[in-house]
Amino acid sequence: MSWLDVLSAVLLISGGIFFLTGTVGMLRFSSCYSRLHALTKADNAGLGLIALGLMVQAESLWVALKILLVWALALLAATVSAHLIARFSLRVDRGTRRAPP
């Protein structure tokens, strides 16, 4: 077992721990905004650590760049979706739009 395997395992386990804490935060917090904060921050960090752990084990630079691209696209999608959810929740709280049944 090389030091790259150990580094990869540490990064993958750390990413899994971030995912777990984000999930616990989503289940435990009461407001929509607190849930979004816990979930998006922990999931983005968790996905980043997992991507780094996979990049360490990548067979080529091309594969590592693909993993980096997937991470960047996931960050963009998470940012946009969290913003849309927060904006909709704010509108529902203000009473300007009803929540779907």
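Please refer to the structure higher up on the page.
Below: a short report on this structure. Note that this is a predicted model, so its numbers are computed, not measured.

The next subject is helix 2 (residues 32-56). Its 25 residues place the ends of helix 2 36 Å apart at the C-alpha level, agreeing with the 36 Å of an ideal helix rising 1.5 Å per residue. Here helix 2 has its buried residues at L36, A38, T40, A42, N44, G46, G48, L49, A51 and G53. Close packing links the buried residues of helix 2 with helix 1 (3-28) and helix 3 (61-94).

This part is about the side chain of N44. The topology assignment puts N44 in helix 2. At 3.0 Å, the side chain of N44 and the backbone oxygen of T40 are in polar contact.

Between helix 1 and helix 2, whose axes approach to 8 Å, the crossing angle comes to 165°. When the interaxial angle is binned, helix 1 and helix 2 end up roughly antiparallel. Helix 2 is crossed by helix 1, and the crossing has left-handed handedness. Residue composition of the contact of helix 1 with helix 2, grouped by class: 17 nonpolar, nine polar and two charged.

Our focus in this paragraph is helix 3. The end-to-end C-alpha separation of helix 3 is 49 Å, in line with the 50 Å expected for 34 residues at 1.5 Å each. Those residues of helix 3 that fall on the buried side of the exposure criterion are A64, I67, A78, A82 and S89. In this fold, the buried residues of helix 3 make contact with helix 2.

The rules behind each value
- Every chain begins its residue count from 1, and numbering advances along the sequence as written.
- Local features in this predicted model are restricted to residues of pLDDT 70 or higher, and side-chain atom pairs are both shown and tallied only at a pLDDT of 80 or more, whereas totals for entire chains, interfaces and linings draw on every residue.
- Water and hydrogen atoms were dropped before computing side-chain values, which therefore reflect all heavy atoms in the structure.
- Helix numbers and strand numbers start at the N terminus; a helix is a DSSP run of H or I with at least 4 residues, a strand a run of E with at least 2.
- One less than the number of residues in a helix, times 1.5 Å, gives the span that helix is expected to have.
- Exposure classes here rest on a 1.4 Å probe applied to the protein chains alone. A residue is buried below 20% of its type maximum, exposed above 50%, and partly exposed in between.
- Whether two residues are in contact is decided by their heavy atoms: any pair within 4.5 Å suffices.
- Two N or O atoms count as a polar contact when they lie within 3.5 Å, although within protein this holds only if one can serve as hydrogen donor and the other as acceptor, and sequence-adjacent residues are included solely when both atoms are side-chain atoms.
- An axis is simply a line fitted to the C-alpha atoms; with a helix, the fit covers only the stretch in contact. Between two such axes, the angle follows the N-to-C directions and lies from 0 to 180 degrees.
- Roughly parallel covers angles under 35 degrees, roughly antiparallel covers those over 145, roughly perpendicular covers 65 to 115, and oblique covers all other angles.
- Should the near helix be turned counterclockwise from the far one by less than a right angle, the crossing is left-handed, whereas a clockwise turn marks it as right-handed.
- Residues are sorted three ways: Asp, Glu, Lys and Arg are charged, Ala, Val, Leu, Ile, Met, Phe, Trp, Tyr, Cys and Pro are nonpolar, and all the rest, Gly among them, are polar.

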